[in-house]
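# An overview of the molecular structure
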Amino acid sequence: MKGEYYLYLDESEDEENHIFTMSGVIINVENIGYLEDEISQIKKTIWEESYVRKYHPILHSNELNFVKKNAANPDRARFAKGAYHNFAKHSTDEIEQIYHEVYRKFTQLIKNQSITTLCCAIHKKQMIDLFHFGDNSLSRSVISDCYDIALQILIENFCHFLISVNGVGYIIYEARSSQQLSENASDVKMQDDFYKIKVASKGITFLSEQAIHKHIRNLVIVDKRYNNAGLQLADFVAFNFSKMITIVKEEEKTPFMKQIYRFAYNGGFCISYRDVRAFYGVRVLPSDIELCTNLAEQNKRMKNRLEHLKSERNRLNRKVDLIIQEKRALKEKYDRILKKTD
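Predicted model only: the values in this text are computed from it and were never measured. (Residues numbered from 1 in each chain as written. Predicted model: local features only at pLDDT ≥ 70, side-chain atom pairs only at ≥ 80, totals over all residues. Heavy atoms only, no water.)

Before going further, it helps to spend a moment on the overall build of the protein. Across its full length, the protein carries 14 helices and 6 strands. Within the protein, counting contacts between residues at least 6 apart in sequence, those at least 24 apart form 69% of the total. Only carbon and sulfur atoms are counted for the fraction: they give 51% of the accessible area of the protein, which is about 20,000 Å². (Helix = DSSP H or I, 4+ residues; strand = E, 2+ residues; numbered from the N terminus. Contact = heavy atoms within 4.5 Å. Areas by Shrake-Rupley, 256 points an atom, 1.4 Å probe, with all protein chains shown as cover.)

Structure below.
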């Protein structure tokens, strides 16, 4: 085996657009120390070094975004949570500057370490529409939990990554509540599902349980209060993937969004040769059948128009050839007439 890798996972939800996102970053175990140092430096962009050493604040994309979004509100500090209460006391310009500097450093971190990202986004309303049975409660009852669906996709693609590098890996996930794991049924269910996939001959859509058993060692659920550098990076990746999914115009995407998409897992292929990130690195579910059908029909119409244009071009080329032949014949006739006149 070439090495060990950690997949740090976190989830985010865009309630306005009804999109659930589970995303993560794949880190070589050898680079964990570097990652921790870089995360510590990013924290010092927001807080004083003495504050970081004493209170060990945790980076949270939601809280950082909340303060930035409300920067013009003089009472913003009253509503900021925990350590972000201190951050919110800065001036509007300082908050703006710090916010962008934090993301600049995160963007640089992804690039410097060539960190691989994974994402599975689920359009919840569209999923329910596709599984609609008249009774909405029935429709919901037949669809797996978004966490289960996304986790299976990410396990499969993480395993594929590990096979491509001949490595083994661990999945690190942040608990969904601060309760003890034994009291948190949702996290217990997630761990149970992982073990079913790993050892109960369940497998996943494309990979067997043997492949998963060989390459993925375990899924570890970490308490929310644990100051884990990888999970803090995953938090920002998940938050930004959830926002990026709905952005159509490329110019509206931030440099960090472009960076995490650029480093999304591509199945082991060189992107310049074959770009399959939509299957491996950034899966969006469910596939929009109607959109795909419309695009296919548009593509068919465009191909037909292209064939018509080619036919018309050939017809015009033949006509031009005839005109050229007639022109040559007329010139030869003209030349003969001139000779007779002389």
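To continue, consider the sheet that holds strand β4 (residues 168-174). One open sheet accounts for 6 strands, arranged β5-β4-β1-β2-β3-β6; its pairing is mixed. The open sheet terminates on both sides in strands that have one partner only, identified here as β5 (216-222) and β6 (282-285). Sheet twist, expressed as the average angle between the axes of neighbouring strands with direction ignored, equals 15°. Alignment of strand β1 (residues 4-14) against β4, held across 6 bridges, turns out to be parallel. Bridging from a neighbouring strand, Y8 pairs with I172 of β4. (Pairing = 2+ DSSP bridges. Axes fitted to C-alpha atoms, helices over the stretch in contact; angles between N-to-C directions.)

Between two packed helices, both the angle of their axes relative to each other and the distance between the axes serve to describe the pair. Taken N-terminus to C-terminus, the directions of helix α3 (residues 61-69) and helix α12 (residues 229-244) make an angle of 60°; their axes are 9 Å apart at the nearest point. Judged by the angle between their axes, α3 and α12 are oblique. Where α3 approaches α12, its residues S61, N62, L64 and N65 are matched on the opposing element by D235, F236 and F239. Of the residues in the contact of α3 with α12, the class split is 3 nonpolar, 3 polar and 1 charged. (Parallel < 35°, antiparallel > 145°, perpendicular 65-115°, else oblique. Nonpolar A, V, L, I, M, F, W, Y, C, P; charged D, E, K, R; others polar.)

The next thing to look at is the packing of aromatic side chains. One pass over the full model with this rule turns up 16 aromatic pairs. On the basis of an interplanar angle of 55° and a centroid distance of 5.1 Å, the ring pair of Y99 and Y103 is categorised as tilted. In this pair, Y99 and Y103 are both assigned in helix α6 (residues 92-112), 4 residues apart and thus about one turn of the helix distant. One exposure class covers both Y99 and Y103, and it is buried. (Phe/Tyr/Trp six-rings, centres within 6.5 Å; stacked < 30°, edge-to-face > 60°. Buried < 20%, exposed > 50% of the residue type's maximum accessible area, 1.4 Å probe, protein only.)

The N-to-C vectors of helix α1 (residues 32-46) and α6 enclose an angle of 170°; their axes lie 9 Å apart at closest approach. Taken as axis vectors, α1 and α6 run roughly antiparallel relative to one another. Crossing of α1 over α6 shows right-handed handedness. In this structure, α1 contributes Y34, L35, E38, I39, Q41, I42, T45 and I46 to the contact, and α6 contributes I98, E101, V102, K105, F106, L109 and N112. Considering only residue class, the contact of α1 with α6 consists of 9 nonpolar, 3 polar and 3 charged. (Left-handed = near helix turned anticlockwise from the far one by under 90°.)

A cis amide bond links L285 with the next residue in sequence, P286, at an omega value of -10°. Of note, the phi angle at H18 is positive, near 60°, even though the residue is not glycine. Within the secondary structure, H18 is located in the loop between β1 and β2 (19-28). Residue H56 is not a glycine yet carries a positive backbone phi of 50°. Mapping H56 onto the fold places it in the loop between α2 (49-55) and α3.

A separate point is the environment of I171. Following the sequence through the fold, I171 ends up in strand β4. Sequence spacing of I171 and Y8 is 163 residues, and the spatial spacing of their C-alpha atoms is 6.1 Å. Ignoring sequence-local partners within four residues, the contact set of I171 consists of L7, L9, I155, F158, F194, I216, N218, L219 and V220.

Moving on to α1. In this model, α1 (15 residues) spans 22 Å end to end at C-alpha, consistent with the 21 Å of a helix rising 1.5 Å per residue. Burial in α1 covers these residues: I32, L35, I39, I42, K43, T45 and I46. The buried residues of α1 occupy an angular sector of 145° when projected down its axis, which confines them to one face. (Expected span 1.5 Å × (residues − 1). Arc of directions from axis to C-beta.)

The subject of this paragraph is the pattern of salt bridges. The final tally for this structure, using the stated rule, is 9 salt bridges. Notably, a salt bridge pairs D335 with K331, separated by 3.4 Å at the nearest N-O pair. Of this pair, D335 and K331 both sit in helix α14 (residues 289-341), separated by 4 residues, roughly a single helical turn. The class for D335 is partly exposed, based on a relative accessible area of 30%. Salt bridges sharing common partners tie together K44, E49 and R53. (Salt bridge = Lys/Arg side-chain N within 4 Å of Asp/Glu carboxyl O.)

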